[in-house]
Amino acid sequence: MSMTGGELIAEYLIAEEVPYVFGIPGHGDMAMFDAFKDRQDRIEMIGPRHEQAAAHMADAYYRASGRPLATMTSIGPGSLNTATGLATAFVDSIPLISFTGGPQTYMLGRGVLQELERRQDNVFPDILNPITKRNWDVQHVDLMADVLPRAFNTMLSGRPGPVHVEVPMDVQAETTELPLPDPAARRAMSNAVRPDPDAVDAAAARLLEAERPVVLAGGGCLEAQAAAELKAVAEYLDAAVVVTMMGKGVFPEDHPLAAEHTGSNGTAVGNHMTREADVILAVGTRFAEQTSSSYMDGMSFSVPPTEIVHFDIDPTEIGKNYPTAVGVVADAKAGLTDLLAALEDRNGATGFERPDYRAEIATMREQWHDTLTGRWTDNLSLSRVLHTAREVLPREAIAIASAGHPQIQAFQEFLSYEPRTWLSPGGYSTMGYTLPAAIGAKLARPDVPVVGFAGDGDLQQTIQELAVAAETGAAVIIACLNNTGWISIRDFQRGMFGEDRGFSVEFRARRGDQLMPVDFCEIARAFNCGAEKVTEPGQVAGAFERAIASEGPCLIEFQLSAAPADTEGVNIGHWDLPKPAYLP
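Quick summary incoming for the structure in this document.

Rules behind the numbers
Residues numbered from 1 in each chain as written. Predicted model: local features only at pLDDT ≥ 70, side-chain atom pairs only at ≥ 80, totals over all residues. Heavy atoms only, no water. Pairing = 2+ DSSP bridges. Helix = DSSP H or I, 4+ residues; strand = E, 2+ residues; numbered from the N terminus. Axes fitted to C-alpha atoms, helices over the stretch in contact; angles between N-to-C directions. Parallel < 35°, antiparallel > 145°, perpendicular 65-115°, else oblique. Left-handed = near helix turned anticlockwise from the far one by under 90°. Contact = heavy atoms within 4.5 Å. Nonpolar A, V, L, I, M, F, W, Y, C, P; charged D, E, K, R; others polar.

Glancing now at the sheet that holds strand E4 (residues 70-73). The strand order across the open sheet built from six strands is E3-E2-E4-E5-E7-E6, with neighbouring strands paired in parallel fashion. Edge positions in the open sheet fall to strand E3 (44-46) and strand E6 (134-137), since each of these has one partner strand only. With direction set aside, neighbouring strand axes in the sheet form an average angle of 20°. Where strand E5 (residues 97-102) meets strand E7 (residues 163-168), six bridges bridge the pair, whose relative direction is parallel. Bridge pairing links Gly 102 to Pro 168 in E7.

Okay, here's the thing in C-alpha cells:
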C-alpha cells in the first residue's frame, strides 16, 4: 500500500505505540499534519502555544512514564523554537523525536520562505546538531522507512537522548511503495549493557573493604529502572545513599540509609556523607558541577583519599571529573545486578550491619530538618509551601521544578519516595519548563497528582500553556510562587557580591519604581483554569487539598514574602560564581 511521507511517519509512530504528538501546524509541516487527521482514533495531536513547550511536554512525558513522544513543527522559526527544549532533553539524556518541516528538495538553497541558506543550503539541521543525539535530513521519501527505526533505536539505546528528523515539504507529500517497518524487527530485545566480570569483581573487592561506603545514584539508575537493584546493593553494604538532582526519587527518602543530596544545592547530611566516605559507588551519574560543589576539594568530595567506583553506560563519563579506582561500563540495572552477585560470591549472602552509621545518618537528617524549619518566620515562604505540600500530597505525587529557588529548595526539602516522581531539568536548569512539563507528566500519569512549583519569572515564560492544560483537561496543580522578581538571583547577588549588590532583579516600573506584581489568578481564569490566592501560611494545606479534589487544571498563587530572611535558602555546598575584580 502506497503512503505519503507524512502517512508513513504517522503509521510508524502508531506502530511504536506513541499516543501523542505535540505540534503546531504551519505551511512547512501541513502535509505531515494532514496525515494525522484521519488517524485521530489511534494517535492524538496536541497543540501547544509555543514550540519550546512542545519539547518540554514530550520530555516530561518520558520522565514520568519511560515512554518517548514526538514533536512536529514547521520550517524555520517554529522549529528553532524547539531548541531550548531539545537542549534541555539532551543534557539530561531524555529521548524524544523532533520532526521539522524543511524546504522542498527541488528548491534547496534558493531561499524559500524561512530557509536559512546563506552559509549553506538549509543549514537548519546543523543548528540542532549540538543538542541532539543524531539528526537526519530525509531528501527522498523512500528513505523514510529506513530513517524512522534508526531514529528510535538511536534515541533509546545506550545513553538516550533526543533525535531530529528534517522532512522537506515535498517528501511529506510524495508517496512511497515501501512497506511500513516493523519496530520489533528493527530493534534489540534489550538495551541492557552487561559489565566486564573482572571489572565487577574488582569493584566488589573495593566495596567490601569500605568502612564508610556511600552510593551516589544518578539519573542512569532511573533510566535503567534499577531502583530495586540499587536498594539491594545499598542494604547489603549498609551504605549511605545520596542521590543527584537527576536521580531523586530512585531511592525512597524516608529509608534509614537515605542521606539525601550532595553538591552545591545539597543538604548537610549528603555533603557530610560524601565528603567523609572512604569508597563511593557512583552509578549512572556524571559528577556534574552542581553535584560536586564546582569541584572544590573537600567540600562535597575528598578525592583522594576517597576512592570512586564508577558504573556508567557512557565510558566518556568515567574518570572525566574525578579519578576512579574502578571504572565499569554498564547500564545501572545490569551493573548493580552483577555487582550484588559478586559481593555475595566474595562475602556470602549476608551483608553488613552498621548501626552507628545508620544512627549518624538519622541524627544529621533530623538536624537538617530542624535547621530548615527553625528559620521560618510568621511570613509565607517557599520553604513553608514545600513542607506543607509534602504533608498533603500522597507519596506517589509527581513534583516538578525548573530553576532558581524553587528547583534548589524543592530538591532539598520536598522528599521523593518513588521513581519518576521528581522531574527537573537538572543539567540545563531551564526557565519555563515547569508548566508544560506538568502537562506532559499529567498526560503520562493521569492517576496521580502532578504539582509544578514555578516561580513567577519561570511561569511567565510559558504561561500561555495554561490554555493547553484547559483544552486537554490535564488536572495539573501549578503552585505559582510569586515574589515579583528574579529573587533567587537577587539572593545570589547579595550573598556573593555584597548585600547592596542586588540589581535588575525585581519587577518594578521604569518610572516611579513601584513593584509591578502580576495577578496570576486572573490570568489563569482567563485561560479557563481554576485559581486560588494564598497569602497566609495557614491557608496552604487547604488550597492544595481543594486543588487535588478539583477535576481540572488549577493554579494556586502563593504571595510569598520577598524579605531575604524568608527567601534565602540554606547553602551547604559551594558554587563557583566569579566575583568582579572591582568588588571588595
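In spatial order, the strands read E15-E14-E16-E17-E19-E18; together these six strands make up an open sheet with parallel pairing. Each end of this open sheet is capped by a strand with a single partner; those strands are strand E15 (422-423) and strand E18 (530-534). The sheet contact formed by strand E14 (residues 398-401) and strand E16 (residues 450-455) spans four bridges and is parallel. Looking at the pairing, Ile 398 lines up with Val 450 of E16.

Their axes nearest at 8 Å, the elements helix H1 (residues 5-15) and helix H2 (residues 30-37) cross at an angle of 50°. Regarding the angle of H1 to H2, the classification is oblique. Note that H1 runs across H2; the crossing there is right-handed. Across the interface between the two elements, Gly 6, Glu 7, Ile 9, Ala 10 and Leu 13 from H1 touch Ala 31, Met 32, Ala 35 and Phe 36 from H2. Its residues placed into classes, the contact of H1 with H2 shows seven nonpolar, one polar and one charged.

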